[in-house]
There are 2 protein chains.
Amino acid sequence: MITHETARFPRGFRCAATHCGLKKSGDDLALFASDVPGAAAAVFTRNHFPGAPVIVGRERIREGRLQAVVVNSKVSNVGTGAEGIAAARAMGRAAAEELGIDESLVIMSSTGVIGVPLPIDRIQAGLRGLSAQLGDDPLVGARGIMTTDSHPKALSCEIRGRDDTPITITLVAKGAGMVAPNMATMLAYLFTDAEVEARSLDTILRRVVDRTFNMLSVDTDTSTSDSCVMIANGRAGPVEASAFEDALLALCTRMTEVLARDGEGATRLLRVTVSGAASLADARTVARSLMESPLIKTMVHGGDPNVGRILMAVGKCVGVRVEPERVSARIGETAVVEGGRRARFDDARVREVLQGDPVDLRVDLGVGTEAARGWGCDLSHGYVDENAAYYSS
Amino acid sequence: MITHETARFPRGFRCAATHCGLKKSGDDLALFASDVPGAAAAVFTRNHFPGAPVIVGRERIREGRLQAVVVNSKVSNVGTGAEGIAAARAMGRAAAEELGIDESLVIMSSTGVIGVPLPIDRIQAGLRGLSAQLGDDPLVGARGIMTTDSHPKALSCEIRGRDDTPITITLVAKGAGMVAPNMATMLAYLFTDAEVEARSLDTILRRVVDRTFNMLSVDTDTSTSDSCVMIANGRAGPVEASAFEDALLALCTRMTEVLARDGEGATRLLRVTVSGAASLADARTVARSLMESPLIKTMVHGGDPNVGRILMAVGKCVGVRVEPERVSARIGETAVVEGGRRARFDDARVREVLQGDPVDLRVDLGVGTEAARGWGCDLSHGYVDENAAYYSS
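Everything numeric here is computed off the predicted structure, so don't read it as measured data.

Caption draft 1: Representation of the overall build of chain A. Across its full length, chain A holds eleven helices and 15 strands. In summary, chain A has a C-alpha radius of gyration of 21 Å against a globular reference of 21 Å for 393 residues, a match within 12%. Reported as C-alpha extents along the three principal axes, the dimensions of chain A are approximately 65 × 55 × 35 Å. Looking at chain A as a whole, 64% of its 393 residues are labelled buried.

Okay, here's the thing in structure tokens:
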């Protein structure tokens, strides 16, 4: 697998973005399109208050066929009732008209403030003529979907298809805050020119999302707009399913790291690996507890080896099988917990590792063979600053 | 019920505190004692890594009989193995010798950094002669058990016993960080001169703790040292059980508010009430989700009425019965969510309420009759500052 430093689109995909007046400045509307319809799959938030685009998207994905994605930032169109649903449909219709395709082939996303009406007229105006600007750079679309992200996020990779044709998978995403996906995740769009049928695409996507985006947490808050959509337009022909899934997993894992590292206020990526668990569910619960614990997150932020907090965060997982004297932990390569007790270690060395980026925290429960990984970030002043006045700013 | 602005002890209880050299300065060792043994009950943390004093305490409380409590701050004696257990016992023995009572009548607590050995020699030296300093002010003991608390915490109240004798209940506690009790709580000691037998005391204490300390969260992190111990020395005679429980509930509720308000970095108390839930478990889950959500906590900190976050935090409770269009919410007296949608409200008014203290957030799920209350605080720079370097400072 080749990973491209500079993301590029698979054959037949393009995007454009514009400023339609939702944000004070910067692009706030993005359009992604394939030149032919493709097989499609999607996973959405499990929040009880899904946004209007998620409600409409769930209907549309049933057909397993899409050609375009239209996304606005700044206003999420959540908690907006029937008017919100109508606005989401109107947004999709405007994109379909601009592209000259059927509206059932367009899926919509909106991200931003919850509970305020979507300024649909601005979005319609913004879409007019946008198809003329469709181009080859995924970062243009990535920039259009940003909210509090500090940089646009697009990755791509290349594998070989059945007949040795190069196949590309491209991933465009946003994250930053309200990120503890339970589906699903923030917004993530996957485009490929591989030929994969919708049902396999759905199976593969769910499996990969469970191991990547669903193990990401910036702040434990599950967004109402989380959506991960994948379109495979088949332009490059068939591919071996396992090679395709491996590439997708690697790509989504890398994007999960990028998203965690750019969590609101984050200054470091925290990678947690839990092994020796009695079950996969146990491994995931402990990984989540560690990466979500404010005391672990501030320990990483401060670079302060207060490793007793690791015992606390493992120990608070009440339903999990934990035998204290079997628990061990490492920060970087240094053993900091052995036999359920603080190990003797070089304080200065661990302090140095904690001040690096990423920080790797590995916990072995010593009671089984299951393992899980999770991705989080440190907790800093920046998180408080961004969220104490997000609505008003 | 009379609540005393200045806490005072029930008949027969006294306390003393001293600086024994665990902290750089300030009292770090406290002793509470009754002049006669009393009935006793206790609840402890459910963390898998309980501190050594918790392990020994669980044994001792089986007898339902105690006369004294000895507590040190700065070092928690958690994750310290057999040496830690021996140190905890030695600490209790030193207190018993100083008081001239049997060591089985003493319960111990240690709070502070996890995973470092307890300097038992300093504690033994500190206890020597301390009984001569036993006095009537609960705040002296409260000061000795503080870690990052900004002020000592003691409350007392008075009710009338069966024969009209005044009965006092006094509560001394600490909180601040690593507070999301799951038992139990931080450290809380209840003293009363009422005559209540140990079994009733246990039942009443568990019921009250479930509705108060267990619905408190500063940072979602469950401490390894959480302990709530109650001693009833019977010096004032019998009491009506229901009047006693009502008084205890009021006292613990008030202390829960005091603890939440003094959470690490907190600038405001956040009181959450959830009503109209299908079950008590649902009501508690939603209350917890609201009071623990970083985005709600920063909204309160910033005084910014980004009320869509309320929908998010209710909606992310996946197992709970939520019918979006039935959900309503108020901040203070202002309706901010109606029928699952953002209500029209006076932004400036809500901003003002959010900048006050406490902030009351009420959510009605509209699908049942169960209700629950929870107590939390805002999330500020102060939390990050205190925890980025707690171990080293």
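Caption draft 2: Main features of the relation of the copies chain A and chain B. Of the two same-sequence chains, chain A is brought onto chain B (RMSD 0.0 Å, axial shift 0.0 Å) by a rotation of 180°. Expressed as a symmetry operation, the mapping of one chain copy onto the other fits a two-fold axis. Relative to the rotation axis, the C-alpha of histidine 381 of chain A is the closest in chain A, positioned 2.6 Å from it. A share of 100% of interface residues in chain A that are also interface residues in chain B marks the association as one of identical surfaces.

Caption draft 3: Quick peek at the state of the cysteines. Counted under the stated rule, the structure contains zero disulfides over all chains. Not part of a disulfide, cysteine 15 of chain A finds its nearest cysteine sulfur in cysteine 20 of chain A, a span of 16 Å.

Caption draft 4: Focus on the interface of chain A and chain B. The interface of chain A with chain B comprises 60 residues on the first partner and 60 residues on the second. Both faces considered, chain A and chain B share a buried interface measuring about 5,000 Å² in area, 59% of it formed by carbon and sulfur atoms. Our count for the contact surface shared by chain A and chain B stands at two salt bridges. Taking the shortest distance from any N to any O, the salt bridge between glutamate 83 of chain B and arginine 341 of chain A comes out at 3.1 Å. Our count for the contact surface shared by chain A and chain B stands at five residue pairs in polar contact (both at pLDDT 80 or more). Those elements that place two or more of their residues in the side of chain A that touches chain B are helix H2 (81-99), helix H8 (294-302), helix H9 (308-315), strand S13 (341-342), helix H10 (347-354) and helix H11 (381-388) of chain A. Across the side of chain A that touches chain B, the residue classes break down as 26 nonpolar, 22 polar and twelve charged.

Caption draft 5: Structural view of unusual backbone geometry. Here aspartate 357 of chain A and proline 358 of chain A are connected by a cis peptide whose omega angle stands at 5°. Phi at aspartate 164 of chain B is positive, roughly 70°, even though this residue is not glycine. One can find aspartate 164 of chain B in the loop between strand S6 (153-160) and strand S7 (166-174).

Caption draft 6: Main features of the side chain of lysine 153 of chain A. Note on placement: lysine 153 of chain A falls in strand S6 (residues 153-160). In terms of polar contacts, lysine 153 of chain A uses its side chain to reach the backbone carbonyl oxygen of histidine 151 of chain A, at 3.1 Å.

Caption draft 7: A look at the pairing of strand S11 (residues 328-331) of chain B. Residues and elements named next belong to chain B. Of the two faces of S11, the one holding Ala329 and Ile331 is buried and the one holding Ser328 and Arg330 is not buried anywhere. With four bridges joining them, S11 and strand S14 (residues 359-364) adopt antiparallel strand pairing. Its bridge partner lying in S14, arginine 330 is registered against arginine 362. Relative to strand S12 (residues 334-338), S11 runs antiparallel, the two sharing three bridges. Its bridge partner being in S12, alanine 329 is matched across the sheet by valine 337. Connecting the antiparallel pair S11 and S12 is a turn made up of two residues, with glycine 332 showing a positive phi of about 60°.

Caption draft 8: Representation of the nonpolar core. One finds Leu290 and Ile310 of chain A together with Leu290 and Ile310 of chain B to be the most contacted residues of the largest nonpolar core, which totals 164 residues. What leucine 290 of chain A contacts, discounting residues up to four positions off in sequence, is Leu270, Val272, Val274, Ile296, Ile310, Ala313, Val314, Leu361 and Val363 of chain A.

Caption draft 9: View of the sheet that holds strand S14 (residues 359-364) of chain A. Reading across the sheet, the six strands line up as S13-S12-S11-S14-S10-S15 (chain A) and stay open at both edges, with mixed pairing between neighbours. Each edge of the open sheet is held by one strand with a lone partner, namely S13 and strand S15 (370-377) of chain A.

Caption draft 10: Quick peek at the pairing of strand S4 (residues 65-75) of chain B. Residues and elements named next belong to chain B. Most of S4 sits out of view: nine of its eleven residues are buried. Here eight bridges tie S4 to strand S5 (residues 106-113), and the two strands are oriented parallel to one another. Following the sheet pairing, valine 75 is matched in S5 by valine 113. Handedness of the β-α-β unit built from S4, helix H2 (residues 81-99) and S5 comes out right-handed.

Caption draft 11: Region of interest: the sheet that holds strand S15 (residues 370-377) of chain B. All names here are of chain B. Reading across the sheet, the six strands line up as S13-S12-S11-S14-S10-S15 and stay open at both edges, with mixed pairing between neighbours. Looking at the sheet topology across the chains shown, the edges are occupied by strand S13 (341-342) and S15. Two elements, S12 and S13, share two bridges in a ladder whose sense is antiparallel. From the neighbouring strand, glutamate 338 faces S13, where its bridge partner is arginine 341.

Caption draft 12: Structural detail: the packing of aromatic side chains. In this structure the tally under the stated criterion is eight aromatic pairs over all chains. With 5.4 Å between their ring centres and 25° between their planes, phenylalanine 32 of chain B and phenylalanine 191 of chain B make a pair best called stacked. Taken together, the positions of phenylalanine 32 of chain B in strand S3 (residues 29-44) and phenylalanine 191 of chain B in strand S8 (residues 187-195) put the pair 159 residues apart, joining distant regions of the chain. An aromatic cluster is present here, built from Phe9, Phe13, Phe32, Tyr189 and Phe191 of chain A joined pairwise through their rings.

Caption draft 13: Layout of the pattern of salt bridges. What the rule picks out here adds up to 48 salt bridges over all chains. One salt bridge connects glutamate 257 of chain A with arginine 271 of chain A, and the closest N-O pair in it is separated by 3.0 Å. Placement of the pair is glutamate 257 of chain A in helix H6 (residues 241-261) and arginine 271 of chain A in strand S10 (residues 269-277), with a sequence separation of 14 residues. Glutamate 257 of chain A sits in the buried class, given a relative accessible area of 10%. On the accessibility criterion, arginine 271 of chain A (22% relative accessible area) is partly exposed. Between aspartate 357 of chain B and arginine 261 of chain B there is a salt bridge, with its nearest N and O atoms 2.6 Å apart. With aspartate 357 of chain B in the loop between helix H10 (347-355) and S14 and arginine 261 of chain B in helix H6 (residues 241-261), this residue pair connects regions lying 96 residues apart in the sequence.

Caption draft 14: Region of the structure containing the domain arrangement of chain A. Residue and element names in this part refer to chain A. In terms of domains, chain A is made up of domain 1 (2-261) and domain 2 (269-377). One C-alpha centre belongs to domain 1, the other to domain 2; they are set 33 Å apart. Of the residues lining the interface, 15 residues belong to domain 1; the matching set on domain 2 comes to 14 residues. At the boundary of domain 1 with domain 2, total buried surface from both sides reaches about 1,300 Å², with 54% on carbon and sulfur atoms. Considering only the side of domain 1, the residues that lose the most area to domain 2 are Met215, Ser217 and Glu257, jointly responsible for 46% of the buried surface there. The interface formed by domain 1 and domain 2 holds two salt bridges in total. Applying the counting criterion to the domain 1 and domain 2 interface returns three residue pairs in polar contact (both at pLDDT 80 or more). Every element with two or more residues in the side of domain 1 that touches domain 2 is listed here: helix H5 (198-211) and H6. With five residues, the top contributor of residues to the side of domain 1 that touches domain 2 is H6.

Calculation rules
Within any chain, residue numbers begin from 1 and follow the written order of that chain's sequence. Throughout, the order in which chains and ligands are written sets their labels, letters from A for the former and numbers from 1 for the latter. Given that the model is predicted, a residue must reach a pLDDT of at least 70 before its local features are reported, and side-chain atom pairs must reach 80 or more before they are shown or counted; all residues, however, enter totals for whole chains, interfaces and linings. Only hydrogens and water are removed before side-chain values are computed, so all heavy atoms of the structure are retained for them. Per the convention used, a helix needs a DSSP run of H or I reaching at least four residues, while a strand needs a run of E reaching at least two, with both numbered from the N terminus. As a reference, a globule follows 2.2 Å times the number of residues to the power 0.38, and the radius of gyration itself is taken over C-alpha atoms. Residue burial is assigned from relative accessible area. The probe radius is 1.4 Å, only protein chains are included, and a residue is buried under 20% of its type maximum, exposed over 50%, and partly exposed in between. When the copies are superposed, the least-squares fit draws on C-alpha atoms of residues that have pLDDT of at least 70 in both. We call two residues contacting when some pair of their heavy atoms lies within 4.5 Å. By convention in this document, the label disulfide applies to cysteine sulfur atom pairs within 2.5 Å. Accessible-area loss on putting two parts together, using a 1.4 Å probe and summing over both, is the definition of buried area adopted here. We count a salt bridge whenever a side-chain nitrogen from Lys or Arg sits within 4 Å of a carboxyl oxygen from Asp or Glu. Residues adjacent in sequence count toward polar contacts only when both atoms are side-chain atoms; beyond that, a polar contact is any pair of N or O atoms within 3.5 Å, and within protein one must be able to donate a hydrogen and the other to accept it. Note on residue categories: nonpolar means Ala, Val, Leu, Ile, Met, Phe, Trp, Tyr, Cys or Pro, charged means Asp, Glu, Lys or Arg, and polar means any other residue, Gly included. Strands were regarded as paired on the criterion that DSSP finds at least two bridges between them. What we call a nonpolar core is a set of buried Ala, Val, Leu, Ile, Met, Phe, Trp, Tyr and Cys residues that are connected through their side-chain atoms within 4.5 Å. A clockwise course of the path from the first strand over the helix to the second, judged with the strands pointing away from the viewer, identifies a crossover as right-handed. Geometry of aromatic contacts follows a simple scheme: Phe, Tyr and Trp rings, the Trp one being its six-membered ring, pair when their centres are within 6.5 Å, and the pair is stacked under 30 degrees between planes, edge-to-face over 60, tilted otherwise. Domain start and stop points were drawn from an automatic or database domain assignment.

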